[in-house]
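Summary of structural features
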Amino acid sequence: MSNLVFSGIQPSGQLHIGNYLGAIINWLELQEKYPCIFAIVDYHSISVPFNPQEKRQEIKELALDFLALGINPKKSQIIIQSHLPEHLELAWILGTITPLSWLERIPTFKSKKQQHQQYLNLGLLSYPVLMSADILLYKANLVPVGEDQLPHIELTNQIAKRFNQMFGKTFPEIKPILTVQSRIMGLNRPNDKMSKSLGKSNYLALTDLPKTIRQKIKSATTDSDNQIKLDWEKKPGISNLLSIYHLFTKKTIDQICQQYQNKGYAQFKSDLAEIIIEQLSPFQNKRQRLSNKPGYINKIISNGEKKAKKIAQATLREVKQKIGLL
Ligand code: TYM
């Protein structure tokens, strides 16, 4: 079986460096080797409270992000999930063979259940089935994601295996592809992963202005002993910043620790902010240029969707045939 890469991101506000360092850098690498489909998973994003006016804008902004980050439309297809109803059709079918107990133990369901007690809808529970359908619809076998998505990939493999056992071999086994640091922690809560839902000062958006980046890094939570070293247990804040420094500069952790020996956190943080500003600037400039070309972006998406639809329809036909619906 040939390799195909699939991954997706929810359009729900700004992308942050967690998304980038934890997942997207692998997208860019993989597209050099394999055919890829990258999805704006808008159906997933409406399982939590949202504003319809903002949603439209968020979808556009994410497409802009993908291109500005370097997703190459000559190599990869960019699609919007809701434009391809096949995702939902397959999700329904897969849902009928997924035991409830498999879904109830998924960690993201448990935490979202706590977080959205007033908005506890079926979509929150069936969310990972839709994600399984996203991947299996294209028979993708390589899925670059951050560590938080691993339970979903495991579930996808369980569902695929069950389908194959019940109806005959159809889906491949899926391999998650992780980055070196597939869990970037929050700036002001370094024991939890960086996340938009924990407030603006918790994450560093890829579109943050230099002033904001300086201010957010400066106020990032650290301990008080002023020693720069990697110790996730005792020094989660500084370890997180160290690892971000390492990922942006490719200097080893040892080199960085040596460089800042006796220099203290203030200097380290100030240098880190400048490094991030410099690293994000080509992306931010390209994004600015592309934002004036909505027609070009729409064309890329509709071309991507045309190609993806062919694969999606073929898989769905095969699935429907196997379960006796065709
Ligand atoms: P989403 O939109 O929450 O996040 C997009 C990607 O960013 C990664 N990520 C992180 N990685 C490291 N550290 C962090 N702090 C961090 N925060 C986010 C996520 O792991 C993810 O790879 N369910 C998915 C979207 C999805 C999908 C798919 C992914 C839907 N269908 C099919 C892959 C294949 C999600 O909510 O990602």
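Every residue gets a number counted from 1 within its own chain, in the order that chain's sequence is written. Totals for whole chains, interfaces and linings use every residue, but because this is a predicted model, local features are given only for residues with pLDDT of at least 70 and side-chain atom pairs only at 80 or more, for both listing and counting. As a rule here, side-chain values cover all heavy atoms of the structure and leave hydrogens and water aside.

**So, the pairing of strand S2 (residues 36-40)**
Counting buried residues along S2, 5 of its 5 residues qualify, which places the element largely inside the surrounding structure. Each residue gets one of three labels from its accessible area relative to the maximum for its type: buried under 20%, exposed over 50%, partly exposed in between, using a 1.4 Å probe on protein chains only. The way it works is that DSSP assigns letters per residue, a run of H or I at least four long becomes a helix, a run of E at least two long becomes a strand, and they are numbered from the N terminus. Burial of the side chains of S2 extends over both faces: Cys36, Phe38 and Ile40 are buried on one face and Ile37 and Ala39 on the other. Strand pairing is defined by DSSP finding a minimum of two bridges between the two strands. As paired elements, strand S1 (residues 5-9) and S2 share 5 bridges and run parallel to each other. Pairing of valine 5 across the sheet is with cysteine 36, part of S2. Seen with the strands pointing away from the viewer, any crossover whose path from the first strand over the helix to the second strand runs clockwise is right-handed. Each parallel crossover has a hand, and the one from S1 via helix H1 (residues 17-30) to S2 is right-handed. In terms of strand pairing, S2 meets strand S3 (residues 76-80) through 5 bridges, oriented parallel. In the strand pairing of S3, cysteine 36 is matched with serine 76.

**Details of the domain arrangement of the protein**
Each domain of the protein was delimited in the assignment, giving domain 1 (5-183 + 293-322) and domain 2 (208-288). Using C-alpha coordinates to define each centre, domain 1 is positioned 31 Å away from domain 2. Between domain 1 and domain 2, the contact holds 13 residues from the first and 9 residues from the second. The term salt bridge refers to a side-chain nitrogen of Lys or Arg lying within 4 Å of a carboxyl oxygen of Asp or Glu. Put simply, domain 1 and domain 2 have 2 salt bridges between them. Of the charged contacts in the structure, one is a salt bridge between aspartate 65 and arginine 287, with a shortest N-O distance of 2.5 Å. Any pair of N or O atoms that falls within 3.5 Å is considered a polar contact. Within protein, one atom must be able to donate a hydrogen and the other to accept it, and sequence-neighbouring residues count only if both atoms are side-chain atoms. Connecting domain 1 to domain 2 are 3 residue pairs in polar contact (both at pLDDT 80 or more). Sort the elements by how many residues they give to the side of domain 1 that touches domain 2 and helix H3 (residues 52-69) lands first, with 6 residues. Three residue categories are used. Nonpolar comprises Ala, Val, Leu, Ile, Met, Phe, Trp, Tyr, Cys and Pro, charged comprises Asp, Glu, Lys and Arg, and polar comprises the others, including Gly. Tallied by class, the residues present in the side of domain 1 that touches domain 2 amount to 8 nonpolar, 3 polar and 2 charged. What marks off one domain from the next here is an automatic or database domain assignment. Contact criterion: two residues are considered in contact whenever any of their non-hydrogen atoms come within 4.5 Å of each other.

**Regarding the site of the ligand**
The environment of the ligand is made up of 26 residues, and the closest members are Gln10, Tyr127, Asp134, Asp148 and Ile184. With respect to the ligand, the side chain of glutamine 10 contributes an N or O atom lying 2.8 Å from an oxygen atom. The accessible surface values rely on the Shrake-Rupley method and a 1.4 Å probe; as for residues, cover is taken only from the protein chains in view. Protein coverage of the free-state accessible area of the ligand, which is 710 Å², stands at 95%. Mapped onto the shell around the ligand, the elements with two or more residues apiece are S1, H1 and helix H7 (122-136). Summary of the distance rule: residues count as near a molecule or strand when at least one heavy atom falls within 4 Å of that molecule or strand.

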